[in-house]
Amino acid sequence: MKILVLNGPNLNMLGVREPAIYGSRTYSDLEAFIKCAAEELGVPVEVRQSNHEGELVTWIQEARGAFDAIVINAAAYTHTSVAILDALKAVALPVVEVHLSDPMTREPFRHVSYVSFAAEATFKGRGFESYSDALKHLAEKGDR
Ligand code: DQA
C-alpha cells in the first residue's frame, strides 16, 4: 500500500504561524515525523504541500492508479473547497482527513468540512500524532 499525504495552504508556515494553536515545530519537522511514522508502520508514503487549490486537485487526480490511499490536511480549503471534495470523490481512493488542531472547537466557520464528505475517517486535535493515527488506520486496514 502506497499512501499520498497532502498538506494544504499555510502548513508550510508551521513553526511561525499561530504557535499557540499549531505548536513551534516546522513543516520540515512534520514531514520528517510523517516519514518516520510511515517507516515504522512499513507503509511507503509521499508527502506534499501546496498553497494552491488547483495544484492539490491535480495531485489528487494523478493519485489514481499511483497510490492506494490519500491522507489529506486540506487546511483552510477543508472549509471552502468543493473542487477538492469532487476530486477526492472522482478518484474514489480511501481518504483519511487530518487536522493538527480540532476545528470543531474553534471558530464556527471551521465547523464545516467538505473533505469529510469523502473521508472514511478523520483524525484531529492531536498535533503531529493526527497524521500517525491516520497512517495507522490505513495500515491496519491493509493488514486485514
Ligand atoms: C487545520 C485547521 C484549519 O481550520 C486551518 O485553516 C488550517 C489548519 C489544522 O490542521 O488544524 O490551516 O487544517
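Please read these numbers as outputs of a predicted model, since none were measured by experiment.

*Asks:* In this structure, what is going on with the nonpolar core? I would like to understand it.
*Replies:* Across soluble globular proteins, nonpolar side chains show a tendency to be buried alongside one another. I3, V5, V71, Y131 and L135 are the most contacted members of the largest nonpolar core, which has 25 residues in total. Looking at this core, the elements that each hand over two or more residues are β1 (3-7), α2 (27-41), β3 (69-73), β4 (95-99) and α5 (129-143). Excluding residues within four positions of it along the chain, V5 makes contact with I34, V45, E46, V47, R48, V71, Y131 and L135. Membership of the second largest hydrophobic core comes to 22 residues, among which are V57, A63, A87 and A119.

*Asks:* Sorry, what's going on with the site of the ligand here?
*Replies:* For the ligand, the full set of nearby residues is R17, Y22, N73, A75, A76, H79, H99, L100, S101, R106 and R110. The separation between an oxygen atom of the ligand and a polar side-chain atom of H79 is 2.7 Å. The contact in question runs from an oxygen atom of the ligand to an N or O atom on the side chain of H99, over 2.8 Å. Isolated, the ligand exposes 330 Å² of accessible area, and the fraction of that covered by the protein chains is 98%. For the shell around the ligand, a count of residues per class yields 4 nonpolar, 4 polar and 3 charged.

*Asks:* Explanation requested: the packing of aromatic side chains in the structure shown.
*Replies:* Pairs of aromatic rings are described using the distance from one ring centre to the other and the angle between the two planes. Taken as a whole and judged by the stated rule, the model has 1 aromatic pair. Geometrically, the ring pair formed by F33 and F128 is tilted, given 5.5 Å between the ring centres and 55° between the ring planes. Within this pair, whereas F33 is found in helix α2, its partner F128 is found in the loop between β5 (121-124) and α5, the two being separated by 95 residues in sequence. Sitting over the ring of F128, R25 keeps its end group 3.8 Å from the ring centre. Above the face of the W59 ring, R48 is positioned so that its terminal group lies 5.2 Å from the ring centre.

*Asks:* Can you walk me through the sheet that holds β5 in this structure?
*Replies:* Overall, parallel pairing links the 5 strands, which are arranged β2-β1-β3-β4-β5 in an open sheet. Each end of this open sheet is capped by a strand with a single partner; those strands are β2 (45-49) and β5. The sheet shows a mean angle of 20° between the axes of neighbouring strands, taken without regard to direction. As paired strands, β1 and β2 are joined by 5 bridges and run parallel to one another. Following the sheet pairing, N7 is matched in β2 by Q49. The strands that helix α3 (residues 53-63) touches are β1, β2 and β3; relative to β1, the one it contacts most, it runs at about 175°.

Reading guide: rules and limits
Residues numbered from 1 in each chain as written. Predicted model: local features only at pLDDT ≥ 70, side-chain atom pairs only at ≥ 80, totals over all residues. Heavy atoms only, no water. Core = buried A, V, L, I, M, F, W, Y, C linked by side-chain atoms within 4.5 Å. Buried < 20%, exposed > 50% of the residue type's maximum accessible area, 1.4 Å probe, protein only. Helix = DSSP H or I, 4+ residues; strand = E, 2+ residues; numbered from the N terminus. Contact = heavy atoms within 4.5 Å. Near = heavy atom within 4 Å. Polar contact = N/O pair within 3.5 Å; in protein donor to acceptor, adjacent residues only side chain to side chain. Areas by Shrake-Rupley, 256 points an atom, 1.4 Å probe, with all protein chains shown as cover. Nonpolar A, V, L, I, M, F, W, Y, C, P; charged D, E, K, R; others polar. Phe/Tyr/Trp six-rings, centres within 6.5 Å; stacked < 30°, edge-to-face > 60°. Lys NZ or Arg CZ within 6 Å of the ring centre and 35° of its normal. Pairing = 2+ DSSP bridges. Axes fitted to C-alpha atoms, helices over the stretch in contact; angles between N-to-C directions.

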